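Take a look at the letters that make up each chain.
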Amino acid sequence: MKSLVLLVSFFFYSFFTQTNQIVESKLSKNNTIQLALLLDTSGSMDGLIEQAKSQLWKIVNELATSKKDGEKVELYVALYEYGKQSIPADEGYLRNIVPFTQDLDLISDELFKLKTDGGEEYCGKVILSAVNNLQWKKSNDELKIIFIAGNEPFTQGDVDYKEACKKSVKNGIVVNTIFCGNYDEGVQTMWKDGADISDGKYMNIDHNAEIVHIEAPQDDEIIKLGQELNKTYIAFGNYGKEKKDLQAEQDANSISLSNEVMVQRSVTKSGGHYKNSTWDLVDAKKEGTIKIEELKDEELPDEMKKMSVPERKSYLDKKEKERSQIQDKINKLNDERSKYVAKKMLENKNDNTLDAVMIKTIREQAKQKNYKFE
């Protein structure tokens, strides 16, 4: 009986980790960046959410240039919201929306779903929840960071923020605080103190600032190639079609904000942090998580069902080659675009937005852990 229970438990564990990318089990390398975003979704935070939606891909692309010990970095992102009245008070007006995941489409989707609603902003409580409940790496040699953003006093709630921050730093997790408002007000309301206690950095932003989107000559071609990339994804399994639809939906969400956001997303899709091995056969084959010959017809897309095993392998090789070629084109165009944008940024520089403060802080803290940026 005991053996049967163990066998059933192992089956469900294996099934869940292979088909649902929300729960990650690959946190074993020493070149990981774990990034937890704790966003205030109370009534006055619409601007913060808009910045998070529009700047996610830019932040990811910055991290994509990082390496540790010569190896590319593995990025995991988690998302919390706090301060929303529609979340029950006995839950602390907070919610862990997504645990650590490499599914960036999922993070984007949940950011676009966020709605603000007045409530109580318990910073200490949401930090403690993130420290206790997320699957953090044990090693302190890797970058484990929390960014918490909001605009109410850091002292609210029944959990002392000082104790939450002390526990965070004890576990090697840095807490960076972003006050949405005047710098001095954030200092007076203890946002800086929270960062100081946990070896983090205190910043302030204008969360209602209008984001300057810079257009470049390469944009149209990069966007077009980003759409072409989708054709190289071969959905399989129970969640394949749903995830492929989500990919297209996040393209639509990005382009709805601006061409530049879609460009940044296309660049992300051409890089190493955009991983979809749980539903895309090309990524799964590349990572060695599936064997083509063992897949059943019902797990495959219609175009592959009548193929022989050699034909299926050849088809995936073709799609992988096509993807690589498109990604190379995007990256080359983006190199040209980056030079063009760098010049324009000197004319329209704004260091007071979410992406600017996060990228600068991540770079500084990553270098302290021997991560290098290109």
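What counts and how
- Residues numbered from 1 in each chain as written.
- Predicted model: local features only at pLDDT ≥ 70, side-chain atom pairs only at ≥ 80, totals over all residues.
- Heavy atoms only, no water.
- Phe/Tyr/Trp six-rings, centres within 6.5 Å; stacked < 30°, edge-to-face > 60°.
- Helix = DSSP H or I, 4+ residues; strand = E, 2+ residues; numbered from the N terminus.
- Buried < 20%, exposed > 50% of the residue type's maximum accessible area, 1.4 Å probe, protein only.
- Lys NZ or Arg CZ within 6 Å of the ring centre and 35° of its normal.
- Contact = heavy atoms within 4.5 Å.
- Pairing = 2+ DSSP bridges.
- Axes fitted to C-alpha atoms, helices over the stretch in contact; angles between N-to-C directions.
- Expected span 1.5 Å × (residues − 1).
- Arc of directions from axis to C-beta.
- Parallel < 35°, antiparallel > 145°, perpendicular 65-115°, else oblique.
- Left-handed = near helix turned anticlockwise from the far one by under 90°.
- Nonpolar A, V, L, I, M, F, W, Y, C, P; charged D, E, K, R; others polar.
- Salt bridge = Lys/Arg side-chain N within 4 Å of Asp/Glu carboxyl O.
- 1 Å grid on protein atoms, 1.4 Å probe; cavity = no way out; pocket = protein on both sides within 12 Å on 5 of 7 lines; lining within 4 Å.
- Points joined across faces, edges and corners; volume = space filled by probe spheres on them.
- Polar contact = N/O pair within 3.5 Å; in protein donor to acceptor, adjacent residues only side chain to side chain.
- Core = buried A, V, L, I, M, F, W, Y, C linked by side-chain atoms within 4.5 Å.

## Focus on the packing of aromatic side chains
In total, this model carries 8 aromatic pairs according to the counting rule given. Arranged with centres 4.8 Å apart and planes meeting at 80°, the rings of Phe100 and Trp136 form a pair that is edge-to-face. In this pair, Phe100 sits in strand 5 (residues 94-101) while Trp136 sits in the loop between helix 4 (123-133) and strand 6 (143-150), placing the two residues 36 residues apart along the sequence. Taking the relative accessible area as the measure of exposure, Trp136 reaches 10% and is therefore buried. Three or more aromatic residues joined by ring pairs make a cluster, and in this case those are Phe154, Tyr161, Phe179 and Trp191. When the ring centre of Tyr233 is taken as reference, the NZ or CZ atom of Arg323 above it lies at 3.6 Å.

## Overview of the environment of Gly194
Here Gly194 shows up in helix 7 (residues 191-197). A relative accessible area of 0% means that Gly194 is categorised as buried. With 18 residues separating them in the primary sequence, Gly194 and Asn176 have C-alpha atoms 8.1 Å apart. Excluding residues that lie within four positions of it along the chain, Gly194 makes contacts with Phe154, Tyr161, Cys165 and Thr177.

## Focus: the sheet that holds strand 4 (residues 74-82)
In a beta sheet, neighbouring strands are held together by backbone hydrogen bonds and run either parallel or antiparallel to one another. Taken in spatial order, the 6 strands of this open sheet run 5-4-1-6-7-8, and their pairing is mixed. Strands at the two margins of the open sheet, each flanked by one partner only, are strand 5 and strand 8 (202-205). The sheet shows a mean angle of 15° between the axes of neighbouring strands, taken without regard to direction. Bridge count between strand 7 (residues 174-180) and strand 8: 4 bridges; the pairing is parallel. If you follow Cys180 over to strand 8, its bridge partner there is Ile205.

## Observations concerning helix 9 (residues 240-257)
Helix length check: helix 9 (18 residues) gives 26 Å between terminal C-alpha atoms against 26 Å at 1.5 Å per residue, within 8%. Among the residues making up helix 9, those that are buried are Gly240, Lys243, Leu246, Gln247, Gln250, Asp251, Asn253 and Ser254. Buried residues in helix 9, looked at end-on, bunch into an arc of 165°, giving them a common side. Of the residues in helix 9, the exposed ones pointing more than 90 degrees away from the buried face are Lys241, Glu242 and Ser256.

## Examining the packing of helix 4 against helix 5 (residues 161-170)
Axis separation between helix 4 and helix 5 bottoms out at 8 Å; the angle between their running directions is 25°. Considered as vectors, helix 4 and helix 5 are oriented roughly parallel to each other. Where helix 4 crosses over helix 5, the two elements pack in a sense that is left-handed. Across from Gly124, Ile127, Leu128, Val131 and Asn132 in helix 4, the residues of helix 5 making contact are Tyr161, Ala164, Cys165, Lys167 and Ser168. In terms of residue class, the contact of helix 4 with helix 5 is made up of 6 nonpolar, 3 polar and 1 charged.

## Overview of the sheet that holds strand 2 (residues 66-68)
A sheet is described by the order of its strands in space; here 3 strands give the open sequence 3-2-9, paired in antiparallel fashion. Two strands in the sheet have a free side with no partner beyond their single neighbour: strand 3 (71-72) and strand 9 (371-373). Pairing of strand 2 with strand 9, which is carried by 3 bridges, proceeds in the antiparallel orientation. Paired with Lys68 across the two strands is Tyr371, which belongs to strand 9.

## Describing the packing of helix 2 (residues 46-63) against helix 3 (residues 104-113)
Angle between the axes and distance between the axes are the two parameters that describe a pair of packed helices. Put simply, helix 2 and helix 3 touch, their axes get as near as 9 Å, and they point 165° apart. As judged from the angle between their axes, helix 2 and helix 3 are roughly antiparallel. For the element pair helix 2 and helix 3, the recorded crossing hand is left-handed. Where helix 2 abuts helix 3, its residues Ile49, Ala52, Lys53, Leu56, Trp57 and Val60 lie against Leu104, Asp105, Ile107, Ser108, Leu111 and Phe112. Among the residues making up the contact of helix 2 with helix 3, the classes are represented as 9 nonpolar, 1 polar and 2 charged.

## Overview of the pattern of salt bridges
Taken as a whole, this structure holds 28 salt bridges when the rule is applied. Residue Asp355 pairs with Lys58 through a salt bridge whose shortest N-O separation is 3.1 Å. Of this pair, Asp355 sits in helix 14 (residues 354-368) while Lys58 sits in helix 2, placing them 297 residues apart in sequence. Among the salt bridges present, the one from Lys269 reaches Asp251, with a minimum N-O distance of 3.1 Å.

## So, empty space enclosed by the protein
Counted under the stated rule, the structure contains 1 cavity of 30 Å³ or more. By volume, the largest cavity amounts to about 80 Å³. Elements with a minimum of two residues in the lining of the largest cavity: strand 1 (32-40), helix 2 and helix 14. Looking at which element gives the most residues to the lining of the largest cavity, the answer is helix 2, with 6 residues. Split by residue class, the lining of the largest cavity holds 9 nonpolar, 2 polar and no charged.

## Here we look at helix 10 (residues 259-269)
Here helix 10 lies mainly inside the structure; 10 of its 11 residues are buried. For helix 10, the complete set of buried residues consists of Glu260, Val261, Met262, Val263, Gln264, Arg265, Ser266, Val267, Thr268 and Lys269. Backbone nitrogen of Glu260 and a side-chain oxygen of the N-cap are separated by 3.3 Å at the start of helix 10; the cap is Ser258.

## Observations concerning the nonpolar core
Leu39, Phe147 and Ile178 are the most contacted members of the largest nonpolar core, which has 42 residues in total. Top contributing element to this core by residue count: helix 2, with 8 residues. Once residues within four sequence positions are removed from consideration, Phe147 is found in contact with Leu35, Ala36, Leu37, Leu38, Asn176, Ile178, Met203, Met358, Thr361 and Ile362.

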